[in-house]
Every structure is written in structure tokens, then in C-alpha cells.
Amino acid sequence: MNKKNRPIAVFDSGIGGLTVLKEIVKEMPGEGTIYLGDTARVPYGIRSPETVIRYSFENTRFLFSKDIKLLVVACNTASSVGLDKIKSVVPIPVIGVIEPGAKAAVKATKNKKIGIIGTEATIRSDSYTRLIKAIDRDVEVSGLPCPLFVSLVEEGWTEGDIVTQIAERYLKEIKSKGIDTLVLGCTHYPLLKQVISKVMGEGVRLIDSAVEVAKEVKAILEISGLKREQKERPLREFYVTDSPDRFIKVGERFLENKIEHIEKITVS
């Protein structure tokens, strides 16, 4: 296949990376996409770095066999510990979800106070903090884990009094830091964007890493001359490592579209 017409691949430990895929399709509707959700081994956040790296390489090997032109690691944990290693062995562009969000946050902040919310594993890794400090060492970074947000989103609880009360309880601490920019450091969190924005107030800008990743993918394809040339309807394939039923049910809400052409596979 002509390299330009090859698909973009995205992998995540589960469903959350579909928010990244949604933004990629929105930004570049003419590009073909392949998504792999490693649903049999989710979550990656409780695994050792060595295990996460192994899983990431297995996912990458499967997707690379599909003749792809660009790979997005849409898992914060895998981006934290495995991205550089994947980049070192794969001869195509590879993008994680952390660096685009970090860059956008530094660009957005006016008072040099940035907040990061994410899973416990992402916050504990300090990945966002390190990247932000590498760009501007004068920025003050505050991290806060919000583990219940993932469960709320997967259950479809993205608005209402209960969700707002939980968000207020979580975000009270980071709001007190005087931040003017907040990075949504988990791929589930964009579905709670309205509630989080309401709780944080108008003076705090939210950085959606999924949106920033899509912008970076588009820029790389344009700079590299890899934009798709074919005019027919692009490929949309989905693969999971466990039963597709729940993935379809929850995933269509994330993607805001129908999930077709899905297949259960084994990666090793």
C-alpha cells in the first residue's frame, strides 16, 4: 500500500483511548484508523514498568503488522514508561499522550501555575511534571489523583448532582493552589469536561490531551507528506483482547459513533 494511504494506529489498555481516536477522526476525517484496546489486561497502572513495556511492545507489534504509518500510544501509563523504547525500535512516527498536553499547558498558563489530574499511577509517575519543568522550570505544578472519575465515566455518570459533588470534593485541593491551567491527564476525563470546568470556574483553562494529540498527529502527517490521498471511505477497525460486548456498549459513548468491524484477538 502507498505509505500515505496506510492507517493511523492507536492503542490503549482499554476504552479511554477512544477519546483520542475521536479527536483524531474529528481533525482528520479522511484518514483510516485502527484501534487496539488491551481489555484483557487493563488496567496498566497497577503493573510494573517492565510488564507495561512488554504489553506495549506486544500491542505495537500487532499494530505494526497492519501496515500502519503512525502510532499513537493513547495510554498515560504506557506513555510514561514505554514511549521512548517504542520510538527507538519502530521506524514510523510514534506519539504519546503526555507531551502534547504538557506543551499546551505551558503555552496556556499566564501565572505559571498548572494542575494535573489523572489516575494514581500517572500522578505518581511525575511524567507531566518532568516534561513541564523541562519546558519551563519556573512553572509550579500540582498533581492530584482522581481515581473515581474513571468509574463514573465508564458507568455513564458524566453529569448531575452526584458527579458534581465528587468533582468538588476532589478538585477543592488543587483549586486552592491558584492554578490557571488544568491538564486532564487521563483519557477518560474529557467526558467530564463540563463538570470539571464548572467546578474549577471560568478563570481556569482545561487542557484536553486528546485534542492536543490530534493536532500533533495532523501536523506530523502534513510535515512528513503522509496525508491520505484516497477519496473512498477510510478504514475504521477495532480490536480488543477480551469480549467486545462491553467495549462496544461503553466505547460508542466515548467515540460518539457506532463501532463496527470489531474483532477479539490475542497479542503476545
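Residues numbered from 1 in each chain as written. Predicted model: local features only at pLDDT ≥ 70, side-chain atom pairs only at ≥ 80, totals over all residues. Heavy atoms only, no water.

Section: the sheet that holds strand E3 (residues 70-73)
A sheet is described by the order of its strands in space; here six strands give the open sequence E4-E3-E1-E2-E9-E10, paired in parallel fashion. The strands lining the two open edges of the sheet, one partner per strand, are strand E4 (94-96) and strand E10 (262-264). Sheet twist, expressed as the average angle between the axes of neighbouring strands with direction ignored, equals 20°. As paired strands, strand E9 (residues 236-240) and E10 are joined by three bridges and run parallel to one another. By the bridge assignment for E10, Phe238 is matched with Ile262. (Pairing = 2+ DSSP bridges. Helix = DSSP H or I, 4+ residues; strand = E, 2+ residues; numbered from the N terminus. Axes fitted to C-alpha atoms, helices over the stretch in contact; angles between N-to-C directions.)

Things to note about the side chain of Thr77
Here Thr77 lies in helix H3 (residues 76-89). Other than its neighbours up to four places away in sequence, Thr77 contacts Tyr44, Gly45, Val52, Ala121 and Thr122. (Contact = heavy atoms within 4.5 Å.)

A few points about the sheet that holds strand E5 (residues 113-118)
Pairing between the strands of a sheet is mediated by backbone hydrogen bonds and can be parallel or antiparallel. The strand order across the open sheet formed by four strands is E6-E5-E7-E8, and the pairing between neighbours is parallel. The two strands at the open ends of the sheet, each matched to only one other strand, are strand E6 (140-145) and strand E8 (205-208). The mean angle between the axes of side-by-side strands here comes to 25°, regardless of whether they run parallel or antiparallel. Where strand E7 (residues 181-184) lies against E8, four bridges are found, and the strand directions are parallel. For Leu182, the partnering residue across the bridge sits in E8 and is Leu206.

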